[in-house]
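One-letter residues, chain by chain:
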Amino acid sequence: MFGGRFVFRCRILYTGSCQQVKGCLAVRHAHVNTQDKSRYYDVIIAGGGLVGTTLAAALGHTSTLAGKTVLLLEGGPCCSFQLQPRYSNRVVAINNSSQSLLESVGAWQHVLAARCAPVRKLQVWDACSDAAASFGRDDLARAVAHVVESDVLLAAVSRAAQLASSVTTLHEASVRSCELPRPGTDSDLVRVHTDHGSFACSLLVGADGAASRVRGAAGLQFVSRDYHQRALVATLQLSEPTENVVAWQRFLPSGPIALLPLTAQLSSLVWSTSTDEARRLLSLPPDSFVDAVNEALWKQFPRDSAVEWALRGLYRLLEGVSLAPPAVRQLQPSVACVEEGSRAAFPLGLGHAPRYVAPGIALVGDAAHRVHPLAGQGMNLGLGDVRSLARVLADAVSSGQRLGSMAGLLRYETARQRHNVPTVLAIDGLHRLYNTAATPVVVLRSLGLHLTQCLPPVKEAIMEHAAV
Ligand SMILES: Cc1cc2nc3c(=O)[nH]c(=O)nc-3n(C[C@H](O)[C@H](O)[C@H](O)COP(=O)(O)OP(=O)(O)OC[C@H]3O[C@@H](n4cnc5c(N)ncnc54)[C@H](O)[C@@H]3O)c2cc1C
């Protein structure tokens, strides 16, 4: 079963200045022999996406885990990274808590040496009413989030993982199947079968995305729902250069449209809409697409008199108790053109595993939970899992427990579900709340959004939860 094979250990090397990070790939070959112990790793991580690779880096940089070996298995090929002048159309908004984790594993410095854009304020507004709320301030010294291209972030965390001597990375090594520890036998190892042969470990972490094979093999359920929506992404050039530190999101009846800052004149589009509409938008000529984006950002939708009446009543009530919101709302930017070839669409859905752990198994990232991108939280939740699991494993080693023991893993599950379940439910609730133009719902959500804008403690509580 454990046939002699070559293990490819990839290393991303960087040269160049801050703006001109050049990457090249060196491949180190290590022989895995059927007779030697290199087929055993303390922890195997299935899935070298952003979350799995960050976990490998975190385990590799945790001093308590210094003697523990980690194998990162990624099904896709090993790609060399070279920063391109053109921005990638796939970006993620990283909150401050995720940034701190990336700093602690030595990855954030590589992001800064490449590029990222600070977000100092979020401005959200409803297309069906005048309700709007802003979070943060554009003159804040500390950004509320950073927008980072996914490939820049993956290269940064890959480099941090490669610098940890305990971490080995294998590409083109899909996990095909695994065997869980069998109760009643003396083996508490998990066996993992891949394209590169088979391995054994004390803990197998499923970081293999929403269609996780590890989750399936462990018999862990996944409650899921297809939103029948696509997130259309593109790189947009704004009509005028601005300071561009605000993330804009307008809730349209068909789904939210968001602009995330990249540079003074470039923003990244994430536009969630029905599958058919996304297909139509993808096929439009560039000029018509830009018109559609500007219409989605600016079009005045017909106002419902019941909504107007309810909002006016709330304004008067709040003014009576000196709780009026700031009178002037900053205006959203207009778009001048779309970068050629930057349009793409991704299917959207909800998913959550009621259990994140089983003996010798833990799930992290999208393998455990999948959310709509309207709150920019999917990746941040995954990095929260990484922080929590790394801490639990370090505690297990300090107290002499096995890495895959259920006692420790259950602490991880409880800690993360306390945070993830309310977040997943809140994001799904927001999606449902804003996916309709029905008058009673528009009244309720407009009142709620306006109240949020008038109550700084509520805004702070929302920001605090989103930042963890
Ligand atoms: C349009 C869009 C915008 C988003 N914006 C944001 C945002 O602003 N902020 C935010 O926090 N989140 C955002 N997200 C969510 C975020 O992108 C995901 O939550 C995050 O990328 C999940 O990472 P992951 O590593 O868990 O899973 P994945 O990215 O799915 O990675 C899984 C990895 O596992 C590998 N794999 C799969 N099966 C196997 C196997 N059997 N063996 C070995 N390897 C395997 C895959 O090749 C892949 O590399 C957005 C999502 C979308 C679609």
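Residues numbered from 1 in each chain as written. Predicted model: local features only at pLDDT ≥ 70, side-chain atom pairs only at ≥ 80, totals over all residues. Heavy atoms only, no water.

**Details of the pattern of salt bridges**
- Applying the stated criterion to the full structure yields 11 salt bridges.
- Arg176 is paired through a salt bridge with Asp195; the nearest N and O atoms lie 2.7 Å apart. Taken as a pair, Arg176 in strand 11 (residues 175-179) and Asp195 in the loop between strand 12 (190-194) and strand 13 (197-206) lie far apart in primary sequence, 19 residues in all.
- The partner of Arg432 in a salt bridge is Asp428, and the shortest N-O contact between them spans 2.9 Å. Of this pair, Arg432 and Asp428 both sit in helix 10 (residues 406-434), separated by four residues, roughly a single helical turn.
- Residue class for Arg432 comes out partly exposed when judged on its relative accessible area of 49%.
- Look at Asp428 and you get buried, because its relative accessible area is 8%.
- If you follow the salt bridges from partner to partner, you end up with Arg225, Asp428 and Arg432 in one network. (Salt bridge = Lys/Arg side-chain N within 4 Å of Asp/Glu carboxyl O. Helix = DSSP H or I, 4+ residues; strand = E, 2+ residues; numbered from the N terminus. Buried < 20%, exposed > 50% of the residue type's maximum accessible area, 1.4 Å probe, protein only.)

**Looking at the site of the ligand**
- Every one of the 29 residues lining the ligand counts as a neighbour, but Glu74, Ala93, Val175, Asp366 and Met379 are closest to it.
- A distance of 3.1 Å separates an oxygen atom of the ligand from a polar atom in the backbone of Val51.
- Gly376 is positioned such that a nitrogen or oxygen atom in its backbone is 3.1 Å from a nitrogen atom of the ligand.
- Within the complex, 80% of the 1,000 Å² of free accessible area of the ligand lies under protein. (Near = heavy atom within 4 Å. Polar contact = N/O pair within 3.5 Å; in protein donor to acceptor, adjacent residues only side chain to side chain. Areas by Shrake-Rupley, 256 points an atom, 1.4 Å probe, with all protein chains shown as cover.)

**So, the pairing of strand 16 (residues 255-261)**
- Of all seven residues in strand 16, seven are buried; the element is thus mostly enclosed.
- Pairing geometry for strand 15 (residues 246-252) and strand 16, over five bridges, is antiparallel. Bridged to Gln249 within strand 16 is Ala258.
- Linking strand 15 to strand 16, which pair antiparallel, is a turn of two residues.
- Where strand 16 lies against strand 17 (residues 266-274), five bridges are found, and the strand directions are antiparallel. (Pairing = 2+ DSSP bridges.)

**Side note on empty space enclosed by the protein**
- Taken as a whole, this structure holds three cavities of 30 Å³ or more when the rule is applied.
- In this structure, the largest cavity occupies an estimated 50 Å³ of space.
- In this structure, the largest cavity is lined by Gln229, Phe251, Leu252, Gly255, Pro256, His372, Leu374, Leu430, His431, Tyr434 and Asn435.
- Those elements giving two or more residues to the lining of the largest cavity turn out to be strand 15, strand 16 and helix 10.
- Here the element with the most residues in the lining of the largest cavity is helix 10; it accounts for three residues.
- Split into classes, the residues belonging to the lining of the largest cavity amount to six nonpolar, five polar and no charged. (1 Å grid on protein atoms, 1.4 Å probe; cavity = no way out; pocket = protein on both sides within 12 Å on 5 of 7 lines; lining within 4 Å. Points joined across faces, edges and corners; volume = space filled by probe spheres on them. Nonpolar A, V, L, I, M, F, W, Y, C, P; charged D, E, K, R; others polar.)

Remember, this is a structural readout, not a statement about activity or role.
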